[in-house]
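Structure assessment
Listed below, chain by chain, are the residues.
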Amino acid sequence: MRSWLAVMGVRDIGTGLILAVLLIGATTHLLGWVMLAAALIPAGDAAVVARSKGPRSAIYGVHLGTAATMVIITALLVLA
């Protein structure tokens, strides 16, 4: 289980750094589209947790909540 968490941590840090670079050097429109693509990551995580019969709080509260927040931010960035 620890190795799985380490992989997730590295992926999350890498994704955050990509978004940070875009935030610094790109337009808000481009950042919004990248955020939309990145929202597939927590949605996929929710599917993995659901398939492995993980806790519903993690599925809905953590992963799908994060995906929904990212989609809302995408709308704000793209429509700005």
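You'll find the structure just up there.
First, a word on scope: everything that follows refers to the structure included in this document. (Residues numbered from 1 in each chain as written. Predicted model: local features only at pLDDT ≥ 70, side-chain atom pairs only at ≥ 80, totals over all residues. Heavy atoms only, no water.)

1. Some details on the overall build of the chain
- Counting secondary structure elements, the chain contains four helices and zero strands.
- Ordered by position in the sequence, the α and β elements of the chain form the string α-α-α-α.
- Projecting the C-alpha coordinates of the chain onto the three principal axes gives extents of approximately 40 × 25 × 15 Å.
- For the chain, buried positions account for 24% of its 80 residues.
- Looking at the chain alone, contacts between residues at least 24 apart form 59% of all its contacts between residues at least 6 apart.
- About 5,600 Å² of surface is accessible on the chain, with carbon and sulfur atoms providing 76% of the total. (Helix = DSSP H or I, 4+ residues; strand = E, 2+ residues; numbered from the N terminus. Buried < 20%, exposed > 50% of the residue type's maximum accessible area, 1.4 Å probe, protein only. Contact = heavy atoms within 4.5 Å. Areas by Shrake-Rupley, 256 points an atom, 1.4 Å probe, with all protein chains shown as cover.)

2. Focus: unusual backbone geometry
- Phi angles above zero are rare outside glycine, and lysine 53 is one such case at about 60°.
- Looking at the secondary structure, you find lysine 53 in the loop between helix H3 (40-51) and helix H4 (56-79).
- Taking the relative accessible area as the measure of exposure, lysine 53 reaches 74% and is therefore exposed.

3. Brief notes about a nonpolar patch on the surface
- Nonpolar side chains collect at one region of the surface, where Trp4, Leu5 and Val48 lie side by side and expose about 300 Å² of accessible area between them.
- The residue leucine 5 is located in helix H1 (residues 2-25) in this model. (Patch = residues over 30% accessible without salt bridge, like charges linked within 9 Å, V, L, I, M, F, W, Y side chains within 5 Å. Salt bridge = Lys/Arg side-chain N within 4 Å of Asp/Glu carboxyl O.)

4. Structural notes on the nonpolar core
- Among the nonpolar cores identified, the biggest contains eight residues, and these are Leu19, Leu22, Leu31, Met35, Ala38, Ala39, Met70 and Leu77.
- Of all the secondary structure elements, the ones that give two or more residues to this core are H1, helix H2 (28-38) and H4.
- Non-local contacts of leucine 22, meaning those with residues more than four positions away in its chain, are made with Leu30, Leu31 and Val34. (Core = buried A, V, L, I, M, F, W, Y, C linked by side-chain atoms within 4.5 Å.)

5. Notes on the packing of H2 against H3
- At a closest axis distance of 5 Å, the pairing of H2 and H3 adopts a crossing angle of 10°. Relative to H3, H2 is oriented roughly parallel. Between H2 and H3, the contacting residues are Leu36, Ala37 and Ala38 on the first element and Leu40, Ile41 and Pro42 on the second.
- Of the residues that constitute the contact of H2 with H3, the class distribution is six nonpolar, no polar and no charged. (Axes fitted to C-alpha atoms, helices over the stretch in contact; angles between N-to-C directions. Parallel < 35°, antiparallel > 145°, perpendicular 65-115°, else oblique. Nonpolar A, V, L, I, M, F, W, Y, C, P; charged D, E, K, R; others polar.)

6. Some points on the environment of alanine 38
- Residue position: alanine 38 is located in helix H2.
- Along the primary structure alanine 38 and methionine 70 are separated by 32 residues, whereas in three dimensions their C-alpha atoms are 8.0 Å apart.

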